[in-house]
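Fold and contact review
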Amino acid sequence: MTIEETLAKLQDVTAKLDRDDVPLEEAIGLFEQGLTLAASVKEQLEAAKLRIEQVLEETKGTFSLDVFDAS
Amino acid sequence: MTEQHVYTVSELNRGARELLETEFADIWLRGEIADWKRAPSGHIYFSLTDGDSEISAARFRGRLPVSPLLDEEIQPGTAVLVFGRLTVYEPRGRYQFIATLVRPVGAGALQQAFEALKKKLQSEGLFDPERKKPLPTFPRHVAVITSSSGAAFHDIVSVFRRRWPVARLYLFASAVQGDNAPGELAAALESAIRFSQAETPLDLVIIGRGGGSAEDLAAFNDEALARAISVCPIPCVSAVGHEIDFSISDFVADVRAPTPTAAAEVTTPDQNEILSLLRQQANANARRIRRVLVDRREQLDRFLRPATFRAPRTRQETLSQQLDTEIAAIKRGIRRAWQRTATAEKQAGALLAASNPHRPLERGYSITTPVGSPVPIRSADELTAGTTIETRFKDGRATSTVDEVTRE
């Protein structure tokens, strides 16, 4: 799941948890799911490292990618 | 025999003046300032040269349309365009150019071309708001079209590293000033579009450069480049120069950013904001869980009350206190878990342990529900003889049939 998808899912879980008639067992399940989703976003953000490539179009439609050293 | 006409000096000068004024009225003259003097009267006397030839000129105070020109802008050597007529100053028999307008060539010419192109593209509808594509909230694959050695790319990289390192940047390098720049920029943009179609779908293009003189930024006022941007199917942000610099590319792009740094900022979510949002949400969810728990405590209370009524008073109090102690422990457990644990994973484990609804069972209570329902039976009123009920204990469950219901 991308971060975007995970955040959307999390929104969904929170909305469900916010309903008045949610039974305790389900609420706890949702709460746990929410924490797992949040943890996954956090993990993805912490693991992310910006990738930079320089693209050259050698002939029309043929591309070569070189890692760009931006340090 | 006709005698040849003999002119007086005045007559000749007047004749020459009339001739020149008819032939050279309302003309543009280009040259470099050779001499520039403002007389106490407010008139300005100057001369123009093109290196080989020179002409005297004057600009009379009060006769002129207001010119934005300031004296300090006029230095010997400044290339100017002047508008006016040629005439003869009769008392001296000197001919001179009477200027009604003087403007520096460089900036003025660029500015005129800029306004003309802007007007043209605007009338074609290329700046219309309904043409503007929305930017992605979470950009993944971002093309950057700029110089590989300029400050602009460096600035964009820094912002992405800080705010949104999840993205991947694709640099399509191009000259950003000079005669080749407009063509190279348009070619790089077209290359990025082909790359997006053939290789990796791009969800954002940033095109621009850092600050410079008006001439340095002129490539971004090119008509062909503007048209290439206007048909780009990928959302496109133009970021040229500083806050004060506006380019044609700014008007045709989906979004104008005042600088390359700002372009990276408006197109990225901030990971720190996301993390703080997650924390807020988790806190709200924890509050919500606590409320559900309090509701459940009331349910349990009601459920246990019939039993406690049967017991001696001290037993009632003991049971009720135990229940309160139980609930308080659950709440404390949640609060402690929340404050103590740093990571969400830990929070999950600790919270679940603390808030386990089955914990009262471990202390020897049981919960009775209709068979197949999770909702506890809270009142004798809910039962009739013959109903099948399920009773849950800490280590199992029993199904029984109600023989008799007694109200108390």
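Whatever comes next refers back to the structure up there.
Residues numbered from 1 in each chain as written. Chains lettered and ligands numbered in written order. Predicted model: local features only at pLDDT ≥ 70, side-chain atom pairs only at ≥ 80, totals over all residues.

**Topic: the pairing of strand β1 (residues 27–38) of chain B**
Residues and elements named next belong to chain B. In this sheet, strand β4 (residues 79–89) lies alongside β1 in antiparallel orientation, the contact comprising 6 bridges. Residue Trp-28 lies in a different strand from β4, and its bridge partner there is Phe-83. As defined by bridge partners, β1 adjoins strand β2 (residues 44–49) across 6 bridges and the pair is classed as antiparallel. If you follow Arg-38 over to β2, its bridge partner there is Ile-44. A loop of 5 residues connects β1 with β2, the two strands running antiparallel in sequence, and Gly-42 in this loop sits at a positive phi of about 100 degrees. (Pairing = 2+ DSSP bridges. Helix = DSSP H or I, 4+ residues; strand = E, 2+ residues; numbered from the N terminus.)

**Examining the sheet that holds β4 of chain B**
Residues and elements named next belong to chain B. The strand order around the closed barrel formed by 5 strands is β1-β2-β3-β5-β4, and the pairing between neighbours is mixed. The average undirected angle you get between the axes of adjacent strands in this sheet is 55 degrees. Sheet strands in contact with helix α1 (residues 9–23) are β4 and β5 (94–104), and its direction is about 145 degrees off that of β4. (Axes fitted to C-alpha atoms, helices over the stretch in contact; angles between N-to-C directions. Contact = placed C-beta atoms within 7 Å.)

**Looking at the nonpolar core**
Across soluble globular proteins, nonpolar side chains have a tendency to be buried as a group. Formed by 70 residues in total, the largest nonpolar core has its most connected members in Val-144, Ile-145, Leu-189, Val-205, Ile-206 and Ile-229 of chain B. For this core, the leading source of residues is helix α2 (residues 24–47) of chain A, giving 8 residues. A domain-level breakdown of this core finds at least three residues from each of domain 2 (125–269) and domain 3 (272–355) of chain B. When near neighbours in sequence (up to four residues on either side) are disregarded, Ile-206 of chain B contacts Val-142, Val-144, Ile-156, Val-237, Ala-239, Ala-263 and Thr-267 of chain B. (Core = buried A, V, L, I, M, F, W, Y, C linked by C-beta atoms within 7 Å. Buried ≥ 20, exposed ≤ 12 C-beta atoms within 10 Å, placed from the backbone. Domains from an automatic or database assignment.)

**Quick look at the interface of chain A and chain B**
Contacts between the two partners involve 36 residues from chain A, matched on the other side by 40 residues from chain B. Of all elements in the fold, only α1 (3–17), α2 and β1 (51–59) of chain A reach the threshold of two or more residues within the side of chain A that touches chain B. Top contributing element to the side of chain A that touches chain B by residue count: α2 of chain A, with 15 residues. Among the residues forming the side of chain A that touches chain B, the class breakdown is 21 nonpolar, 6 polar and 9 charged. As judged from the 4 bridges shared by β1 of chain A and strand β7 (residues 168–173) of chain B, these two strands associate in the parallel manner. Bridge pairing in β7 of chain B places Gln-54 of chain A opposite Leu-171 of chain B. (Nonpolar A, V, L, I, M, F, W, Y, C, P; charged D, E, K, R; others polar.)

**Quick notes on the sheet that holds β1 of chain A**
The strand order across the open sheet formed by 7 strands is β2(A)-β1(A)-β7(B)-β6(B)-β8(B)-β9(B)-β10(B), and the pairing between neighbours is mixed. Looking at strand neighbours, the two that pair on one side only are β2 (62–67) of chain A together with β10 (255–257) of chain B, the edges of this open sheet. Averaged over all adjacent pairs, the angle separating strand axes in this sheet is 25 degrees, with direction ignored. Relative to the sheet, helix α3 (residues 151–163) of chain B contacts β1 of chain A together with β6 (141–146), β7 and β8 (204–209) of chain B, its axis offset from that of β6 of chain B by approximately 160 degrees.

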